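The residues making up each chain are set out below.
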Amino acid sequence: MRLPIDDEHAALFTVGQVAQMLDVQQAFLRRIDDQRVVSPRRSAGGQRRYSRHEIGRIQQVVVLMGEGMTLPAIRRIFELQAELAEVTRERDELARRLAAREA
């Protein structure tokens, strides 16, 4: 049986829990959501809920900001990483199809 805690994308953690885990201010978490750098899901009541995956991204944001990066720059880095992952997935799929055709 698979539990929600096993899913790294399950939105399980509140703003307060994440702030405490990462030793950041809740206002910081709201700001990176407002800037669309990390976008948590919302509960039925409208409260932010974070997954383990998003917590990892917040950790990356903290590191990059510590290196002097701005939130718009970090958002762009994340966008480019997602685009690269998609292009890589498409390339791998095309290579698989080509290999199957040649076999």
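Not measured: the values here are computed from a predicted model.

Enquirer: Give me the lowdown on the packing of aromatic side chains, citing residues and values where you can.
Expert: Counted under the stated rule, the structure contains zero aromatic pairs. Lying across the ring of Phe-78, Arg-57 places its NZ or CZ 3.7 Å from the centre.

Enquirer: If you had to explain the UniProt feature "domain: HTH merR-type" (unreviewed entry) in the chain to someone new, which residues and values would you point to?
Expert: With numbering matched to this structure, UniProt assigns "domain: HTH merR-type" (unreviewed entry) to residues 12-80. Between the first and last C-alpha atoms of residues 12-80 the distance is 27 Å; the span itself is 61% helix and 10% strand.

Enquirer: Quick one: what's the story with helix α4 (residues 71-102), residue by residue and with numbers?
Expert: Between the first and last C-alpha of α4 there are 47 Å, a value that for 32 residues agrees with the 46 Å anticipated at 1.5 Å per step. Considered for burial, the residues of α4 that qualify are Leu-71, Ile-74, Arg-75 and Phe-78. Residues of α4 that are buried sit in contact with α2 (26-34) and α3 (52-66).

Enquirer: Could you give an account of the packing of helix α1 (residues 15-22) against α3, with specific residues and numbers?
Expert: Relative orientation of the contacting elements α1 and α3 amounts to 45°, with a least axis distance of 11 Å. Considering their axes alone, α1 and α3 lie oblique with respect to each other. Remark: the crossing between α1 and α3 carries right-handed chirality. Every residue of α3 that contacts α1 at Val-18, Met-21 and Leu-22 is listed here: Ile-55, Ile-58 and Gln-59. In terms of residue class, the contact of α1 with α3 is made up of five nonpolar, one polar and no charged.

Enquirer: Outline the nonpolar core, supporting the account with residue identities and numerical values.
Expert: By size, the foremost hydrophobic cluster in this structure holds 19 residues, and its most contacted members are Val-18, Leu-29, Ile-32, Val-37, Tyr-50, Ile-58 and Val-61. Looking at this core, the elements with two or more residues in it are α1, α2, α3 and α4. Residues in contact with Val-61, not counting those within four places in the same chain, are Phe-28, Ile-32, Val-37, Val-38, Leu-71, Ile-74 and Phe-78.

Enquirer: A description of the pattern of salt bridges should follow, citing residues and the corresponding values.
Expert: Enumeration over the complete set of coordinates arrives at 10 salt bridges. For Glu-83, the salt bridge goes to Arg-76, with nearest N and O atoms at 3.8 Å. By relative accessible area, Glu-83 is classed as partly exposed at 43%. Close ionic contact of Arg-96 with Glu-93 constitutes a salt bridge, the shortest N to O distance being 2.5 Å. One end of the pair, Arg-96, and the other, Glu-93, are both in helix α4, three residues apart, so they sit about a helical turn from each other. Residue Arg-96 is classed as partly exposed on the basis of its relative accessible area, which comes to 48%. Glu-93 sits in the partly exposed class, given a relative accessible area of 24%. The network of salt bridges with shared partners includes Asp-33, Asp-34, Arg-42 and Arg-48.

What counts as what
Residues numbered from 1 in each chain as written. Predicted model: local features only at pLDDT ≥ 70, side-chain atom pairs only at ≥ 80, totals over all residues. Heavy atoms only, no water. Phe/Tyr/Trp six-rings, centres within 6.5 Å; stacked < 30°, edge-to-face > 60°. Lys NZ or Arg CZ within 6 Å of the ring centre and 35° of its normal. UniProt positions renumbered as here; feature names shortened; annotations may be inferred. Helix = DSSP H or I, 4+ residues; strand = E, 2+ residues; numbered from the N terminus. Expected span 1.5 Å × (residues − 1). Buried < 20%, exposed > 50% of the residue type's maximum accessible area, 1.4 Å probe, protein only. Contact = heavy atoms within 4.5 Å. Axes fitted to C-alpha atoms, helices over the stretch in contact; angles between N-to-C directions. Parallel < 35°, antiparallel > 145°, perpendicular 65-115°, else oblique. Left-handed = near helix turned anticlockwise from the far one by under 90°. Nonpolar A, V, L, I, M, F, W, Y, C, P; charged D, E, K, R; others polar. Core = buried A, V, L, I, M, F, W, Y, C linked by side-chain atoms within 4.5 Å. Salt bridge = Lys/Arg side-chain N within 4 Å of Asp/Glu carboxyl O.

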